[in-house]
Amino acid sequence: MNVTLITGTTSGIGEALAHQLAAKKHNLLLVARTEKKLKEQSQYLSSQFGIVADFIVADLGKPGGAFYVYEQAKKKNLNVNILVNNAGIGSSGEFVTNNLQSELELLQLNNSSLVALCSLFLADMKSTGSGTIINVGSMASFFPIPYMSVYAASKMFVRSFTQALTEECKPYGIKVMLFCPGFTSTNFMNTSANNNAWGKILTQGAIEQTPEQVAVQVIKALERRKSIHVSGFQNAMSAKLGSLIPSTTLARVFAQRKRKEMGL
Ligand SMILES: NC(=O)c1ccc[n+]([C@@H]2O[C@H](COP(=O)([O-])OP(=O)(O)OC[C@H]3O[C@@H](n4cnc5c(N)ncnc54)[C@H](OP(=O)(O)O)[C@@H]3O)[C@@H](O)[C@H]2O)c1
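Residues numbered from 1 in each chain as written. Predicted model: local features only at pLDDT ≥ 70, side-chain atom pairs only at ≥ 80, totals over all residues. Heavy atoms only, no water.

Caption draft 1: Region of interest: helix H9 (residues 247-261). Compared with the 21 Å implied by 1.5 Å per residue over 15 residues, the 21 Å span of H9 between its first and last C-alpha is a close match. Along H9, the residues that are buried comprise Ala251, Ala255 and Lys258. The buried side chains of H9 occupy one side of the element, clustering within an arc of 75° when seen end-on. Count one or two residues on from H9 and you reach Gly263, which has phi positive near 75°. (Helix = DSSP H or I, 4+ residues; strand = E, 2+ residues; numbered from the N terminus. Expected span 1.5 Å × (residues − 1). Buried < 20%, exposed > 50% of the residue type's maximum accessible area, 1.4 Å probe, protein only. Arc of directions from axis to C-beta.)

Caption draft 2: Main features of the pairing of strand E1 (residues 2-7). Among the 6 residues of E1, 5 are classified as buried, and the element is accordingly described as predominantly covered. Examined bridge by bridge, E1 and strand E4 (residues 79-85) share 5 bridges and lie parallel to one another. Looking at the pairing, Thr4 lines up with Ile82 of E4. Inspection of the sheet shows E1 paired to strand E2 (residues 28-32) by 4 bridges, in the parallel sense. Within E2, the position partnered with Ile6 by the bridge is Leu30. (Pairing = 2+ DSSP bridges.)

Caption draft 3: Here's a closer look at the layout of surface pockets. Of the pockets and cavities examined, the second largest pocket occupies roughly 200 Å³. Lining of the second largest pocket is provided by Phe142, Arg159, Gln163, Lys226, Ile228, His229, Val230, Ala236, Ala239, Lys240 and Ser243. When contributions to the lining of the second largest pocket are tallied by element, the ones reaching two or more residues are helix H5 (149-169), strand E7 (228-230) and helix H8 (233-242). Here the lining of the second largest pocket is built from residues that sort into 5 nonpolar, 3 polar and 3 charged. (1 Å grid on protein atoms, 1.4 Å probe; cavity = no way out; pocket = protein on both sides within 12 Å on 5 of 7 lines; lining within 4 Å. Points joined across faces, edges and corners; volume = space filled by probe spheres on them. Nonpolar A, V, L, I, M, F, W, Y, C, P; charged D, E, K, R; others polar.)

Spatial relationships are all this shows, so hold off on functional conclusions.
In structure tokens form, the structure reads like this:
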């Protein structure tokens, strides 16, 4: 059976996307760490929308996580024809004082596991000659962000990797899309690595979308078979305008402004 695998469905954008794709009759394979929520979610989506919704409990912040997900999908005899690499975490603060272990886990989740999942499922998609991969980047994919340095770099990696993969996969009829949300009202900023003085300053005044609005945009972009999509008109404009300014200038001005706002 074909399924859409979405990582990070227990809250935020992934949860809204799972709901909206279930309403469009996608069979789903949900992945996150919180077993209780995954169980409730898959039961609810199956009964509400008459689809098959299964789940895998996995920690993609650990090196073996992606391989475990792939093995479990195979054991369940599920063919992942759409892969949505959505799970991701952030971190805010001065790099030198940030917790190194957390930053390394961030890279494992946002980058290494995403690469591993793409590699494992892409091999199957190539052999069947069809499939779609959606990698979730960010507005941070377009600029260096001082005081969110590792997160922004991880999302720039997602952008570069995904755009390259889009082209490599074209001869095989496999669609690869980079989807970039802007600031979204989710649990993203509520983690210990993000919910701090720097996090508050960094997100001050940002244009905010709800996860449901973002999920609508993902589906529209998927249906239009887009290769890259920035969620929301204003975010798309900011990404375009930002690309006209040298990144060294952007980083310098951003850092100066944020230090001033922090009273440093
Ligand atoms: N919110 C924003 O402002 C914003 C802006 C731009 C881009 N994004 C991107 O959008 C994506 C979704 O973020 P969100 O805002 O929806 O965040 P969220 O509400 O915090 O949801 C994150 C999801 O990822 C899962 N997750 C976290 N760590 C995991 C791990 N180690 N292994 C497996 N799953 C894990 C969480 O589930 P469990 O805790 O159950 O594992 C949760 O379901 C991320 O890639 C983020 O970078 C968000």
